[in-house]
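# A look at the structure
Letter by letter, the chains look like this.
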Amino acid sequence: MIEVRDGELAVLRLMVDKLKLQLLRRVRAQFGSSSEQLQASLIDEQALPVATCKPTGTKTEAANAPTIDRSLPAHLPREAQVHRPETNAAHHDASGQPCGCTACGWRLRQIGQDVSEQLEYVLARFKVIRHVRPKLACVRCQSIFQADAASRPIARGLAAAGLLAHVLVSKYCDHLPLCRQSGIYARSGVQIDRSTMAGWVDHSERLLAPLVAALGRYTLAAAKLHADDTPVPVLAPGQGKTRTARLWVYVRDDRPAGAGEPPAAWYQYTPDRKGEHPQRHLRHFQGVLQADAYGGWGKLYDSGQVTEAACWAHARRPWWDLYLSAGKTEASIAAQALQRIAALYAVEKEVRGQPPDVRKAHRQARAGPLLDELHAWLSSLVGRVSAKSDLARAIGYTLTRWQALTRYRDDGRIEMDNNAAERALRGIALGRGNYLFMGSDAGGERAAAIYSLVHTAKLNGLDPEAYLREVLGRIADHPICQIEELLPWNIGRGEAVGDEQRRAA
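This write-up is about the structure you can find in this document. Computed from a prediction, not measured in an experiment: that's the story for all the values here. Sequence order sets the numbering: in each chain, residues are counted from 1 along the sequence as written. Totals for whole chains, interfaces and linings use every residue, but because this is a predicted model, local features are given only for residues with pLDDT of at least 70 and side-chain atom pairs only at 80 or more, for both listing and counting. Water and hydrogen atoms play no part in the side-chain values, which are based on all heavy atoms of the structure.

Moving on to the packing of aromatic side chains. The aromatic pairing rule takes the rings of Phe, Tyr and Trp, using the six-membered ring of Trp, and pairs them if the centres are within 6.5 Å, calling planes under 30 degrees apart stacked, those over 60 edge-to-face and the rest tilted. In total, this model carries 10 aromatic pairs according to the counting rule given. Taking the centre distance of 4.4 Å and the plane angle of 40° together, the rings of Tyr 218 and Trp 489 count as tilted. Residue Tyr 218 is found in helix α5 (residues 194-220), and its partner Trp 489 is found in helix α17 (residues 488-491); the two are separated by 271 residues along the sequence. The interplanar angle of 50° and the centroid separation of 5.7 Å between the aromatic rings of Trp 248 and Tyr 294 together place this pair among those described as tilted. Only DSSP runs of H or I covering at least 4 residues are called helices, and only runs of E covering at least 2 are called strands; the numbering of each starts at the N terminus.

Put into structure tokens, the structure is as follows:
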């Protein structure tokens with residue numbers, strides 16, 4: 001009877017621990033911080049051998065460090081306001097200003113000046129561009145001449161390129177729904193219906209479609225891709241509720257490996273999460289795919305054209321949840337696992353931005369022994385924990401994907417995690433809280449197209465609004481066979497975008 005009760009008690013304890021962990025995840029997802037940064041003491045004070053790896057690179061300065069240049073940007077226009085001291089009119093300077101001394105009556109002369117700057121904000125404003133085309137008639141032959149009508153982004157449309165770019169960036173970059181934009185514009189005395197702006201977004205997406213297709217071709221031509229997806233609610237017609245669709249992102253970014261190719265992000269919308277969708281997106285891709293453990297990638301790996309590279313951030317996450325559920329106890333198994341993974345990231349920090357061959361040699365020399373120790377340690381835990389516990393699941397996630405997780409050690413092009421794709425989806429997660437749901441599948445496809453251009457512009461250091469203003473002003477008359485000239489890195493930080501930014505400022 002005692003043995004039976006002890007067995008029942010052990011099962012109940014496992015169930016309680018499991019329910020506590022589930023409750024902790026739910027509360028943390030809804031109310032907690034999204035940061036998974038490990039405490040410094042957990043890395044520095046433990047005596048495990050893996051903690052001896054410390055980064056040797058230069059320390060990043062804090063945000064409030066005095067070495068950071070906090071002067072106001074030089075391209076902003078300056079408006080000088082001269083504050084003169086009180087004088088009398090007994091004397092005047094060369095400009096006619098009184099310069100008499102109020103103490104003795106003699107003439108004052110300037111011996112210097114103090115200059116301080118203050119940042120002001122000028123409210124955005126609308127303006128109307130009138131296109132005037134005079135008609136000229138010959139006094140002899142009566143022939144009539146008139147210039148061709150100016151090209152517009154939308155044929156016979158009211159919105160100019162700058163307004164279209166502002167609406168798109170406000171919706172897909174600043175996460176302002178069209179109804180809120182309509183209210184903002186009404187405060188300036190301009191009434192623009194939400195349905196009108198929805199039509200502008202639709203026409204703009206169709207105008208930009210060839211450019212988005214060119215961006216997708218460039219992205220998929222990479223030797224390594226980061227991929228991820230996120231759920232988006234879409235209105236289900238006639239049902240009075242929403243259904244869950246997906247936005248996929250494929251990121252090409254080899255800057256951490258010292259490559260000079262410009263980064264890019266290509267988004268795709270699908271009405272569900274079936275594996276056939278990413279398989280269709282990547283049917284022509286050949287190379288390394290860095291992604292999570294989603295089963296839909298499996299057929300791509302089985303084809304032999306795509307090599308799997310797993311993500312250490314995903315492998316670390318179950319350990320972080322266990323660490324929190326244990327009250328951040330530094331002696332727990334989860335804390336030890338996090339410490340060992342932190343040592344791997346410390347090695348990775350030393351070679352960020354270096355060429356692939358340097359990264360490969362450094363990883364094999366420094367991270368290789370740490371990976372071997374981690375594998376041996378995890379394997380030794382398998383027989384000591386319950387097979388149904390969350391601790392066993394965390395161990396199993398890492399060991400079952402060990403080959404894909406350690407592939408980065410022998411290939412300097414591969415990153416240690418898939419954070420490039422997760423960063424690309426962060427803005428979509430912010431927008432979900434504002435627009436609540438997408439109106440249709442067509443709206444999801446429009447969102448994917450504009451997200452592609454906006455995020456790629458940001459990756460290349462461009463102001464998305466200035467970039468879209470330049471593109472929308474040119475694309476209607478631009479040859480389709482030269483559409484690549486309008487990609488962000490080809491327009492770049494050139495004079496055209498720079499002038500737009502200065503005019504906007």
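The structure having been displayed, the exposition proceeds.
What follows deals with the packing of helix α3 (residues 161-172) against α5. At a minimum axis separation of 10 Å, α3 and α5 run at an interaxial angle of 95°. Taken together, the axis directions place α3 and α5 in an arrangement best described as roughly perpendicular. On α5, the residues that touch Leu 163, Leu 164, Val 167, Leu 168 and Tyr 172 of α3 are Met 197, Trp 200, Val 201 and Ser 204. Its residues placed into classes, the contact of α3 with α5 shows eight nonpolar, one polar and no charged. Lines fitted to the C-alpha atoms define the axes, with helices restricted to the stretch that makes contact. Angles between their N-to-C directions range from 0 to 180 degrees. An angle below 35 degrees is treated as roughly parallel, one above 145 as roughly antiparallel, one from 65 to 115 as roughly perpendicular, and anything else as oblique. Contacts between residues were defined by any pair of non-hydrogen atoms, one from each residue, lying within 4.5 Å. Put simply, Ala, Val, Leu, Ile, Met, Phe, Trp, Tyr, Cys and Pro go in the nonpolar bin, Asp, Glu, Lys and Arg in the charged bin, and everything else, Gly too, in the polar bin.

Here the focus is the side chain of Thr 456. Looking at the secondary structure, you find Thr 456 in helix α15 (residues 441-459). If near-sequence neighbours (up to four positions away) are discounted, Thr 456 is found in contact with Leu 215, Pro 263, Ala 264, Ala 265, Pro 488 and Trp 489.

With that settled, consider the sheet that holds strand β7 (residues 264-270). One bridge is not enough; two strands pair if DSSP finds at least two bridges between them. Taken in spatial order, the five strands line up as β7-β6-β5-β8-β9 in an open sheet, and their pairing is mixed. Sheet topology places β7 and β9 (306-309) at the edges, where each strand pairs with a single neighbour. On average, each strand axis in the sheet is tilted by 30° relative to the strand beside it, whichever way the strands run. Note that strand β8 (residues 287-290) and β9 share four bridges and pair parallel. Each bridged residue has a counterpart across the sheet, and for Leu 289 the counterpart in β9 is Glu 308. Of the strands in this sheet, β5 (224-236), β6 (241-252) and β7 are in contact with α5, which crosses β7 at around 110°. Along the sheet face, α15 touches β5, β6 and β7 and points at about 170° away from the line of β7.

Honestly, it's all geometry; don't read function into it.
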